[in-house]
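Commentary on secondary and tertiary structure
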Amino acid sequence: MSNKEFNKDIEFHDIPDGSNNDPYVNFKEKLEAVQQFPGIYAFKFIITGQEDQLEQLKTILPNEEFTKVPSKTGKYVSVTVKKQVQNAEEVIEIYKKAGEIKGIMML
């Protein structure tokens, strides 16, 4: 995977505020403003539970490579999953499914 596939030039002020009260509608607007589709999207999660939450996440993102970084205290694990996605709706659907897992935070 080359660095060209990621837009590292995005600044915080480049992301629009959003025009809707629905957080997923706002998220979709923001994604479409800064992310090219189709393309590689880096999903980021914080898992505050045990290995069970990671296994549940792997059922949502099967066959994908997971990068895990444990916290210094060992209380949580930061997880990044890079996946080829077709559009913002696909990203949102994955986050919605992951949001059903107890002990996981989405970034």
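Just so you know, these numbers come straight off a predicted model, no measurement behind them.

What the rule picks out here adds up to five salt bridges. Ionic pairing is found between Lys28 and Glu89, a salt bridge with its closest N-O pair at 3.1 Å. Here Lys28, found in helix α1 (residues 23-34), pairs with Glu89, found in helix α3 (residues 88-98); they are 61 residues apart in sequence, far enough to count as distant. Close ionic contact of Glu90 with Lys83 constitutes a salt bridge, the shortest N to O distance being 4.0 Å. Judged by its relative accessible area of 18%, Lys83 is buried. Here the salt bridges share partners, and the residues they tie into one network are Lys28, Glu32 and Glu89.

Moving on, we come to the environment of Gly39. Along the chain, Gly39 turns up in strand β1 (residues 39-47). On the basis of relative accessible area, Gly39 is assigned to the buried category, the value being 12%. Placed 48 residues apart in sequence, Gly39 and Asn87 show a C-alpha to C-alpha distance of 8.1 Å. Discounting chain neighbours no more than four positions away, the residues touching Gly39 are Lys83, Gln84 and Val85.

The four strands lie next to each other as β2-β3-β1-β4, forming an open sheet whose pairing is antiparallel. Two strands bound the open sheet, and with one partner strand each, they are β2 (66-70) and β4 (104-106). Strand-to-strand twist in this sheet, taken as the mean axis angle between neighbours without regard to direction, amounts to 25 degrees. Relative to strand β3 (residues 77-85), β2 is paired through five bridges, and the arrangement is antiparallel.

The next point concerns the packing of aromatic side chains. To describe a pair of aromatic rings, one takes the distance between the centres and the angle between the planes. One pass over the full model with this rule turns up six aromatic pairs. Seen in terms of ring centroids, Tyr41 and Phe43 are 4.8 Å apart; in terms of plane orientation they differ by 75 degrees. Their pairing is edge-to-face. You'll find Tyr41 and Phe43 in the same group, each marked buried. Judged by centre distance (6.4 Å) and plane angle (5 degrees), the ring pair of Phe43 and Phe45 falls under stacked. Of the two residues examined, Phe43 and Phe45, each falls in the buried class.

So, how was this worked out
Residues numbered from 1 in each chain as written. Predicted model: local features only at pLDDT ≥ 70, side-chain atom pairs only at ≥ 80, totals over all residues. Heavy atoms only, no water. Salt bridge = Lys/Arg side-chain N within 4 Å of Asp/Glu carboxyl O. Helix = DSSP H or I, 4+ residues; strand = E, 2+ residues; numbered from the N terminus. Buried < 20%, exposed > 50% of the residue type's maximum accessible area, 1.4 Å probe, protein only. Contact = heavy atoms within 4.5 Å. Pairing = 2+ DSSP bridges. Axes fitted to C-alpha atoms, helices over the stretch in contact; angles between N-to-C directions. Phe/Tyr/Trp six-rings, centres within 6.5 Å; stacked < 30°, edge-to-face > 60°.

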